[in-house]
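# Inside the fold
Spelled out from the first residue to the last, the chains are:
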Amino acid sequence: MPQVECASDARAGARADAVADALAAAGAGTGTGAARTDGDAPSSAESRSPFAEKPQDPPLVEIEGLTKHYRTAAGFGGAKRTLRAVDGVSLAIRRGETLGLVGESGCGKSTTGQMAARLLAPTGGRILFRGTDVAGLRGRSSKELRRSIQYVFQDPYASLNPRLPVSRLLEEPLLIHRIGDKRERARRVEEMLERIGLGGGTFGNRYTHELSGGQRQRIGIARALMLEPEFLILDEPVSALDVSVQSQILNLLKELQARLGLTYLFISHDLNVVHYMSDRIAVMYLGKVVELAEVRELYEKPLHPYTQALVSAIPAENRRERRERIVLKGDIPSASAVPSGCAFHTRCPFAFDRCRAEAPVLRPAAPHEGERRVSCHLYSGHH
Amino acid sequence: MLSAPTEAPPLLDIRDLRVELTTARGRWPVLEGIDLRVEPGETVGIVGESGCGKSVLSLSLLGLLPPAMRISEGEIRYEAGRLPREGEEAFRRIRGREIAMIFQDPMSSLNPALTIGEQATEMTRLHLKLTKREAREHAVSLFRKVGLPRPEALLKEYPHQLSGGMLQRVMIAIALSCAPKLLIADEPTTALDVTIQAQILELLKTIREEDGTAILLVSHDLGVIADMCDRIAVMYAGQVVEVGTAEELFDSPRHPYTQGLLQAVPTPAKKREKLLSIPGTVPALHERGAGCRFHSRCAYATERCLLSAPPVVRVSGAGGGAGAGTGAGALAATGAHAVRCWLAAEEGGLPHAAG
């Protein structure tokens with residue numbers, strides 16, 4: 001592969017290589033493997049086109065007005081209440097990009113991710129994957145979809161079966177989807193171990209309790225990759241890890257993305273980690289996206305008062321770079337008692353009457369702000 | 001920040017502390033040769049990754065070690081008096097009154113079956129012999145101080161009715177109730193959200209400024225440590241491997257482990273770079289050999305690092321005295337930037353006198 005300066009070219013090149021790899025692998029593989037590659041041919045060809053941050057490219061994933069409401073009993077004889085875990089989230093995720101999803105606990109970021117992976121059924125809205133509404137898919141096409149979308153959990157210790165050796169954990173997705181014979185599956189498992197930096201040893205025979213935290217998370221990622229997915233939802237994948245190990249996993253994720261042309265939805269509460277991984281970031285507060293922007297814009301000039309507080313609260317390691325910290329008043333309200341109007345008004349230093357009465361909408365921050373979106377009355381003067 | 005070493009004895013002086021774990025397979029040192037001082041009003045950070053012994057260290061200061069662990073060597077001095085190694089009675093006079101502690105998870109540190117009021121008044125009634133009413137009034141004033149809303153009503157509530165951030169404020173209020181001179185905060189914000197963490201860190205800063213309370217802050221989060229501390233001790237596998245002021249450690253770290261940790265943190269400036277990661281894992285208790293405990297993961301390790309324990313070298317600072325010397329004081333000396341590494345010993349500590 002020729003050395004290229006431009007990041008997008010490099011990415012496209014990497015993807016072309018990966019596609020070639022995949023084709024070669026499929027050729028050497030079994031009937032099922034080849035069939036899958038054939039079925040995917042149009043999208044492979046499409047992904048060969050140079051990746052550029054072009055908004056007009058059809059997004060790989062489109063989330064439209066997604067909601068997840070729970071009816072909760074209020075306790076002793078009280079009326080039932082509605083917990084709005086996710087309340088009208090719309091996002092488009094482009095092929096090959098990493099969209100970061102940040103917010104504090106209870107903001108609905110994991111629920112959004114789980115719905116995108118079809119681990120949870122939404123109560124409203126829809127999810128389009130390659131332009132197809134995933135809700136209607138049944139049987140074979142539903143199974144196909146599950147191969148394309150995979151989920152990596154925060155705690156691999158809890159999400160991996162402790163009674164199975166690593167090789168079996170990695171083989172399982174192939175078994176479920178009836179891919180390859182025994183030898184073919186063993187080969188793929190060995191290849192995957194190699195790819196995640198645990199090859200050539202006895203890792204296949206070990207159990208999860210014999211692995212370190214970082215090694216376990218590698219297995220969690222490997223298991224998600226066994227079915228050669230296009231879209232990976234990474235839910236706090238490094239939150240349980242120490243800094244020195246965390247960086248290994250972040251490097252691995254970036255490397256895999258470049259080589260395999262993966263698309264990531266990266267969920268995290270750690271703003272440094274999200275910055276490092278993402279191309280664009282969506283900030284969530286109480287079930288809604290309050291701001292959506294390119295990473296640099298978001299960190300250098302956050303628009304929403306909540307984003308401003310979040311960004312200012314990143315503890316700066318370099319004492320000279322330290323910014324004035326904005327300390328918000330009060331607690332995050334409960335999702336079963338979301339404040340009226342703008343949900344953030346109870347903690348917002350700039351709240352005025354309109355914020356208490358009317359909910360703002362996520363829309364372009366200014367006429368020429370391009371794709372940047374913010375949901376705040378402070379910026380609605382332009383409309 | 002503390003400027004120069006003072007004549008007065010340090011508030012807390014840990015000397016050559018060794019804590020051992022007894023198991024069926026023998027006794028293992030969990031902490032070894034720990035030297036650390038905290039001056040009155042100073043904020044000292046202890047940073048390290050999981051398993052480095054930072055929490056064991058903070059527990060050992062108040063006699064809260066689990067039954068299988070005990071202090072086997074060294075001593076802990078508090079205001080020039082020696083703290084007991086064990087014994088409930090002896091610690092009871094100090095705990096809460098002189099040295100208070102807050103933990104990572106406020107939910108599990110408070111008793112779910114007792115009201116906030118019962119728990120917030122227990123210590124002042126015991127230590128300060130306040131009446132029930134006085135203790136309640138005292139608690140209410142402290143709740144106000146730490147920024148808790150509707151403090152009177154709070155006394156009758158139970159822990160489950162409060163959010164994590166509020167509970168941590170309650171814990172801080174309880175910890176402050178006897179006006180301790182030293183507050184040990186073990187990962188006080190790790191379980192909290194970013195904006196709530198910011199609130200708690202601001203509160204700790206206010207307490208430090210208004211009451212002159214010294215803080216020993218234990219954390220794995222370099223950002224929190226950098227933000228809060230005057231001096232920092234970096235721990236690795238049961239030892240302090242580097243100690244210095246915040247500036248010294250973040251601007252010119254000398255131990256390869258400290259350097260590695262700093263480079264591994266993803267910061268906006270490193271967006272386009274591959275992050276440095278430290279290969280391998282922390283050696284388990286029974287895997288710690290005779291040499292440097294970091295040697296198996298260190299890019300600069302030589303045979304000497306494998307074979308013999310590195311000396312503690314003073315690389316700069318106002319500690320006085322010569323460079324190299326194992327243990328005893330070099331790492332503790334206030335104001336000194338010291339490191340436990342052969343590399344620094346070779347490059348020569350400051351001054352070069354040590355031959």
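Calculation rules
- Residues numbered from 1 in each chain as written.
- Chains lettered and ligands numbered in written order.
- Predicted model: local features only at pLDDT ≥ 70, side-chain atom pairs only at ≥ 80, totals over all residues.
- Heavy atoms only, no water.
- Helix = DSSP H or I, 4+ residues; strand = E, 2+ residues; numbered from the N terminus.
- Rg over C-alpha atoms; globule rule 2.2 N^0.38 Å.
- Buried < 20%, exposed > 50% of the residue type's maximum accessible area, 1.4 Å probe, protein only.
- Contact = heavy atoms within 4.5 Å.
- Areas by Shrake-Rupley, 256 points an atom, 1.4 Å probe, with all protein chains shown as cover.
- Lys, Arg positive; Asp, Glu negative; His and termini not counted.
- Charge placed at Lys NZ, Arg CZ, Asp CG, Glu CD.
- Pairing = 2+ DSSP bridges.
- Patch = residues over 30% accessible without salt bridge, like charges linked within 9 Å, V, L, I, M, F, W, Y side chains within 5 Å.
- Salt bridge = Lys/Arg side-chain N within 4 Å of Asp/Glu carboxyl O.
- Expected span 1.5 Å × (residues − 1).
- Buried area = accessible area lost by both parts, 1.4 Å probe.
- UniProt positions renumbered as here; feature names shortened; annotations may be inferred.
- Phe/Tyr/Trp six-rings, centres within 6.5 Å; stacked < 30°, edge-to-face > 60°.
- pLDDT = per-residue confidence, 0-100.

Turning next to the overall build of chain B. For chain B, the count of helices and strands is 13 helices and 13 strands. The globule rule puts the C-alpha radius of gyration for 355 residues at 20 Å, and the 21 Å found for chain B is close to it. Counting only C-alpha atoms and orienting by the principal axes, one finds that chain B spans roughly 65 × 50 × 45 Å. Across the 355 residues of chain B, 55% fall into the buried class. Counted over contacts in chain B with a minimum sequence separation of 6, partners at least 24 positions apart contribute 65%. As presented, chain B carries roughly 14,700 Å² of accessible surface, and 53% of it is formed by carbon and sulfur atoms. For chain B, the distance from the average position of its 39 positive side-chain charges to the average position of its 42 negative side-chain charges is 4 Å.

Below, the discussion takes up the sheet that holds strand β2 (residues 81–93) of chain A. Residue and element names in this part refer to chain A. Strand order in this open sheet of 4 strands is β2-β1-β4-β5, and the pairing throughout is antiparallel. Here the strands that pair on one side only, and so sit at the sheet edges, are β2 and β5 (132–133). With 10 bridges joining them, strand β1 (residues 61–72) and β2 adopt antiparallel strand pairing. When the bridges of β2 are listed, V61 appears paired with I93.

With that settled, consider the environment of L64(B). Residue and element names in this part refer to chain B. Residue position: L64 is located in the loop between α1 (54–60) and β4 (69–78). For the pair L64 and R95, spaced 31 residues apart in sequence, the C-alpha separation works out to 9.9 Å. When sequence neighbours within four positions are dropped, the list of residues in contact with L64 reads L59, R95, M101 and F103.

With that settled, the discussion passes to the pairing of strand β8 (residues 214–219) of chain B. Residue and element names in this part refer to chain B. With respect to burial, β8 is a largely interior element, 6 of its 6 residues being buried. Alternating residues of β8 divide into A214, L216 and V218 and I215, L217 and S219, and every residue in both groups is buried. Both strand β3 (residues 43–47) and β8 contribute to a ladder of 5 bridges, which runs parallel. Bridge pairing in β8 places V47 opposite S219. By the bridge criterion, 5 bridges tie strand β7 (residues 182–186) to β8 in an arrangement that is parallel.

Together, R125(B), K132(B), R136(B) and K156(B) make up a positively charged patch on the protein surface. Secondary-structure assignment places R125(B) in helix α4 (residues 116–127).

Next up on the list: the sheet that holds strand β2 (residues 26–38) of chain B. Strand-to-strand pairing in sheets goes through backbone hydrogen bonds, with the strands running parallel or antiparallel. Residues and elements named next belong to chain B. With respect to topology, 4 strands assemble into an open sheet ordered β2-β1-β4-β5, the strand pairing being antiparallel. Of all strands in the sheet, those with a lone pairing partner are β2 and β5 (81–82), marking the two edges. Bridge count between β4 and β5: 2 bridges; the pairing is antiparallel. Across the sheet, the residue bridging to Y78 is G81, located in β5.

The next subject is the side chain of T112(A). Residue and element names in this part refer to chain A. Position of T112 relative to the elements: it lies in helix α3 (residues 109–116). According to the relative accessible area criterion, T112 is buried, its value standing at 0%. The residues touching T112, leaving out its near neighbours within four places in the chain, are L66, V86, V89, L101 and M284.

This part covers helix α8 (residues 194–211) of chain B. All names here are of chain B. For α8, with 18 residues, the first-to-last C-alpha span of 26 Å sits near the 26 Å given by 1.5 Å per residue. Among the 18 residues in α8, 13 count as buried, and that is most of the element. Backbone geometry just downstream of α8 places G212 in the positive-phi region, at approximately 70°.

As a further point, take the interface of chain A and chain B. Facing 38 residues of chain A, the contacting portion of chain B comprises 44 residues. Summing the contributions of chain A and of chain B, the shared interface buries around 3,400 Å²; its carbon and sulfur component is 51%. At the boundary of chain A with chain B, the tally comes to 2 salt bridges. Where R325(A) meets D227(B), a salt bridge forms, and the shortest distance between an N and an O atom there is 2.2 Å.

Residue and element names in this part refer to chain B. Across all of its chains, the model carries 42 salt bridges over all chains by this definition. K205 is the salt-bridge partner of D227, the closest N and O atoms lying 3.2 Å from each other. Taken as a pair, D227 in helix α9 (residues 222–228) and K205 in helix α8 lie far apart in primary sequence, 22 residues in all. The exposure class of D227 is buried, given its relative accessible area of 5%. A single network of salt bridges, built from pairs that share partners, joins D13, R15, R37, E75, R77 and R82.

Here the UniProt-annotated "domain: ABC transporter" (unreviewed entry) positions come out as residues 14–262 of chain B. With 39% helix and 27% strand, the stretch residues 14–262 of chain B has end C-alpha atoms that lie 26 Å from each other.

Counting across every chain of the model gives 8 aromatic pairs over all chains. When the ring of Y236(B) is compared with that of F294(B), the centres are 5.1 Å apart and the planes differ by 85°; the resulting orientation is edge-to-face. Of this pair, Y236(B) sits in strand β9 (residues 231–236) while F294(B) sits in the loop between α11 (256–264) and α12 (303–307); the two residues are 58 residues apart in sequence, bridging distant segments of the chain. Take Y236(B): its relative accessible area is 1%, and that puts it in the buried class. Among the aromatic residues, those joined into a cluster by ring pairs are Y285(A), Y306(A) and F344(A).

Turning our eyes to something else, we now look at the environment of L145(A). Residue and element names in this part refer to chain A. Along the chain, the position of L145 falls in helix α4 (residues 139–148). It is 40 Å that separates the C-alpha atoms of L145 and H345, two residues lying 200 residues apart in sequence. Dropping the residues within four chain positions of it, L145 is found in contact with R118, F129, V134 and L137.

Before going further, it helps to examine the confidence of the model for chain A. Per-residue pLDDT for chain A averages 83, and the proportion of residues at 70 or more is 81%. Low pLDDT (under 50) marks residues 1–53 of chain A, which in the prediction has 55 contacts with non-local residues, meaning those over four places away or in another chain.

Residue and element names in this part refer to chain B. Mapped onto the elements, R27 comes out in strand β2. Judged by its relative accessible area of 54%, R27 is exposed. Sequence separation between R27 and E42 is 15 residues; the distance between their C-alpha atoms is 35 Å. Ignoring sequence-local partners within four residues, the contact set of R27 consists of E20, L21, T22 and R70.

This part takes up a nonpolar patch on the surface. Residue and element names in this part refer to chain A. On the surface, F350, F352 and L378 cluster together to form a nonpolar patch covering roughly 260 Å² of accessible area. Here F350 shows up in the loop between α12 (305–312) and α13 (353–357). In this structure F350 comes out as partly exposed when scored by relative accessible area, which is 44%.

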